[in-house]
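Descriptive analysis of the structure
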Amino acid sequence: MSSERMNAAGAFIRERFPVHHISFDEMVGKKEVPQHRMSWAYYFGGLALFFFLIQLGTGVMLLFYYQPTVSDAHASVEFITKHVSGGALIRNLHAWASSCMIFCLFVHLLTTFAMKAFVKPREITWITGVVLLMITFGFGFTGYLLPWHQIAVNATKVGLQSIEEAGQYMPGALSEIPRNMKELIQGEPAVGQATLSRFYALHVVILPLMVFATLGAHVLLVQLHGMSQGVDRPTGKTERFFPFFVLKDFTLWGLVFLAVITVALCLPFESMFSFPLFQPFDPLGSTPDGIKPEWYFFFLYYPLELLPFWVVMLAMTLGIAGLFAAPWIFRRSSRRTLGMIAIAASAYLIVTTLFGDAIYTFFKGGH
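Residues numbered from 1 in each chain as written. Predicted model: local features only at pLDDT ≥ 70, side-chain atom pairs only at ≥ 80, totals over all residues. Heavy atoms only, no water.

1. Observations concerning the overall build of the protein chain
- When helices and strands are tallied, the protein chain shows 13 helices and two strands.
- Relative to its length of 367 residues, the protein chain is compact, with a C-alpha radius of gyration of 22 Å against a globular reference of 21 Å.
- The principal-axis extent of the C-alpha atoms belonging to the protein chain is close to 65 × 55 × 45 Å.
- Buried residues in the protein chain amount to 44% of all 367 residues.
- If you take every contact in the protein chain between residues at least 6 apart in sequence, the share linking residues at least 24 apart comes to 79%. (Helix = DSSP H or I, 4+ residues; strand = E, 2+ residues; numbered from the N terminus. Rg over C-alpha atoms; globule rule 2.2 N^0.38 Å. Buried < 20%, exposed > 50% of the residue type's maximum accessible area, 1.4 Å probe, protein only. Contact = heavy atoms within 4.5 Å.)

If you want it as C-alpha cells, here you go:
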C-alpha cells in the first residue's frame, strides 16, 4: 500500500474515531445539544437503551426458573407465570419491553436518517446502529422459540425454511450456503432440543455480548462526535448535555417505565394474540392455522405471503445493503428528500403492521 493510501486510511480512522476528545469535559461537561423542531428525536436512542436494560434485568430474573429443554421449557414458563411471586409481571415486562425497544429503534433509525445524522464523520455511528437493529431482530427471533409452545415451534420452522428456500435462487455452490446455514442454526434434521439449546445460547449469551460490544462503540461515538445538527436551519439555541438533557432523559425514562409497568400489570402480552395456540408443542400435531411471527416481522412476513419469494428476498437484500451504505448513497441528498423517504418507509411499516392481515385477506381470501 502506498504512503498516500496509508495516510488517507489513517486520516479516515482519526476523523471517525476522534479519541483525542475522550475527556469528561468534552464528552459530558461542555457538551451541547441543539434545540430545534426535531429535538424530540434525540431521546429515542436513549429510550431504546432503557428498554434494553429492562430486558437485561428481567431476562436475568427469568433465567433463575427457565429450563431450556424441550420437555421442561413450556412447563417452566407456565411455572414462572402462575406460581413464582411476581413471575407474570416480570415475564410481561420482558415481552412488552422487547416490543417497545424495537419500536424505539425503528423511530430512532428513521429520524436519524431524516435528520441526515449519518454523514461524515458519523458513518461508523450509523453502521453500528444498523448492526444493533439486526441484533435486536435476532433477539426477537431466538426468544420467540424459548417458551416451546405450538405457535413458537411452528413459526420457527417456517422462518428456518425461508432461509433454505433462498438457496434455489443462488448460482452453483452458493446455493448450498442457505441450507448449510439452516442446518447450523437448527442443529439437527428437525427443530428439536439442539435447536432450542442453540437459540437459548444465542439469546442469553452470544447476542447480549454482541450488543455490549456494538452498543459500547455506538454510544462512545455518539459522545465523541456529539449530537448532529439535525436540521437545515439551526436555531442557534442549545442546552447543556449535563445536567439539563440528562435530567430530561431520566425523567422520560421514569415516565415510560411507569407506563410500561402499568401495561405489564394489567395486560398480559399474550392477550394481544387472537388465536389460542399457546399449548405445549406437540410433535405429532399438525401445523396450526394462523401462525404468525411477532408484529415487528410483519413488514417482511406479509410480502412473503403475497409476493414471489425471490422478489421479497431481492428487496430485502437491497434494503439491507442500502441501510449499511446510506452514508455514501445519500451523502448529497437534502434533508427534505431524506424526510420524504423516511415518511414513505414509516407508512409502509405502519400499513403492513396494522393492515397486513386485511390486505392478505383481500388478495388471498384468508389464511
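There is more to say, and it comes next.
2. Things to note about the nonpolar core
- In this structure, Phe51, Phe113, Trp126, Phe137 and Val211 are the most contacted members of the largest nonpolar core, which totals 43 residues.
- Residue assignment for this core shows that the elements contributing at least two residues are α3 (44-63), α5 (87-114), α6 (123-145), α9 (193-225), α10 (241-266) and α13 (335-364).
- Broken down by element, the residue count for this core peaks at 13 residues, all from α5.
- Sequence-distant contacts of Val211, defined by excluding residues within four places in its chain, comprise Phe52, Leu132, Ile135, Phe139 and Gly216. (Core = buried A, V, L, I, M, F, W, Y, C linked by side-chain atoms within 4.5 Å.)

3. Some words on the packing of aromatic side chains
- Enumeration over the complete set of coordinates arrives at 28 aromatic pairs.
- Ring geometry for Phe141 and Phe199: centres 5.5 Å apart, planes at 50°, overall tilted. Highlighted residues: Phe141 in helix α6 and Phe199 in helix α9, separated in sequence by 58 residues.
- Given the relative accessible area of 27%, Phe141 is considered partly exposed.
- Summarising the aromatic geometry, the rings of Tyr301 and Tyr302 are spaced 4.9 Å apart at their centres and angled 70° between planes, so their arrangement reads as edge-to-face. (Phe/Tyr/Trp six-rings, centres within 6.5 Å; stacked < 30°, edge-to-face > 60°.)

4. Overview of the packing of helix α11 (residues 298-306) against α13
- Running from N to C, α11 and α13 point in directions that differ by 25°, and their axes come no closer than 8 Å. In terms of orientation, α11 lies roughly parallel with respect to α13. Considering only the axes of α11 and α13, their crossing is left-handed. Taken together, the residues of α13 that come into contact with α11 (itself represented by Phe298, Phe299, Tyr302, Pro303, Glu305 and Leu306) are Tyr348, Leu349, Thr352, Thr353, Gly356, Asp357, Ile359, Tyr360, Phe363 and Lys364.
- Taken together, the residues of the contact of α11 with α13 break down into 10 nonpolar, three polar and three charged. (Axes fitted to C-alpha atoms, helices over the stretch in contact; angles between N-to-C directions. Parallel < 35°, antiparallel > 145°, perpendicular 65-115°, else oblique. Left-handed = near helix turned anticlockwise from the far one by under 90°. Nonpolar A, V, L, I, M, F, W, Y, C, P; charged D, E, K, R; others polar.)

5. Describing a nonpolar patch on the surface
- There is a patch of nonpolar side chains on the surface, built from Phe12, Ile13, Phe17, Val19, Ile22, Leu220 and Trp328 and spanning about 620 Å² of accessible area.
- By secondary structure assignment, the location of Ile22 is in the loop between α1 (3-16) and α2 (24-29).
- Ile22 gets classed as partly exposed once you look at its relative accessible area, which sits at 46%. (Patch = residues over 30% accessible without salt bridge, like charges linked within 9 Å, V, L, I, M, F, W, Y side chains within 5 Å. Areas by Shrake-Rupley, 256 points an atom, 1.4 Å probe, with all protein chains shown as cover. Salt bridge = Lys/Arg side-chain N within 4 Å of Asp/Glu carboxyl O.)

6. Regarding the state of the cysteines
- By the definition in use, this model includes zero disulfides.
- Not part of a disulfide, Cys266 finds its nearest cysteine sulfur in Cys100, a span of 14 Å. (Disulfide = S-S within 2.5 Å.)

7. Concerning unusual backbone geometry
- In this structure, Pro121 follows Lys120 across a cis peptide bond, with omega equal to 10°.
- Positionally, Pro121 belongs in the loop between α5 and α6.
- Between Phe242 and the following residue, Pro243, the backbone shows a cis peptide bond with an omega angle of 15°.
- With a phi angle near 55°, Trp148 is a residue other than glycine that sits in the positive phi range.
- If you trace the backbone, Trp148 turns up in the loop between α6 and α7 (150-165).

8. A closer look at helix α12 (residues 309-329)
- At Leu323, α12 shows its strongest bend, of approximately 50°, with the proline Pro327 following within four residues.
- Among the residues of α12, those classed as buried are Phe309, Val312, Met313, Gly322, Ala326 and Pro327.
- On its buried face, α12 is in contact with α5, α6, α7 and α11. (Bend = angle between axes of the 7 residues up to and from the residue.)

9. Digging into α11
- Buried within α11 we find Phe298, Leu300, Tyr301, Tyr302 and Pro303.
- Packed against the buried residues of α11 are α12 and α13.

10. As for the packing of α5 against α10
- Packing of α5 against α10 leaves a shortest axis separation of 9 Å and a crossing angle of 125°. Taken together, the axes of α5 and α10 are oblique relative to one another. Here the hand of the crossing between α5 and α10 comes out right-handed. On α10, the residues touching Leu89, Asn92, Leu93, Trp96 and Cys100 of α5 are Phe257, Val260, Ile261, Val263, Ala264 and Leu265.
- Of the residues in the contact of α5 with α10, the class split is 10 nonpolar, one polar and no charged.

11. Quick word on the side chain of Glu123
- Looking at the element boundaries, Glu123 is found in helix α6.
- Under the relative-accessibility criterion, Glu123 is labelled buried at 3%.
- Contact partners of Glu123, with chain neighbours within four places excluded, come to Arg16, Phe118, Pro327 and Trp328.

12. Focus: the pattern of salt bridges
- Overall, the coordinates contain 11 salt bridges when judged by the stated rule.
- Between Arg179 and Glu176 there is a salt bridge, and its shortest N-O distance comes to 2.4 Å. Of the two residues, Arg179 and Glu176 are both situated in helix α8 (residues 176-186); the distance of three residues between them amounts to about one turn of the helix.
- Assessed through its relative accessible area of 33%, Glu176 is described here as partly exposed.
- With a shortest N-O distance of 3.0 Å, Lys248 and Glu239 are connected by a salt bridge.
- Take Glu239: its relative accessible area is 11%, and that puts it in the buried class.
- Connected through shared salt-bridge partners, Glu15, Arg16, Lys120 and Glu123 make up one network.

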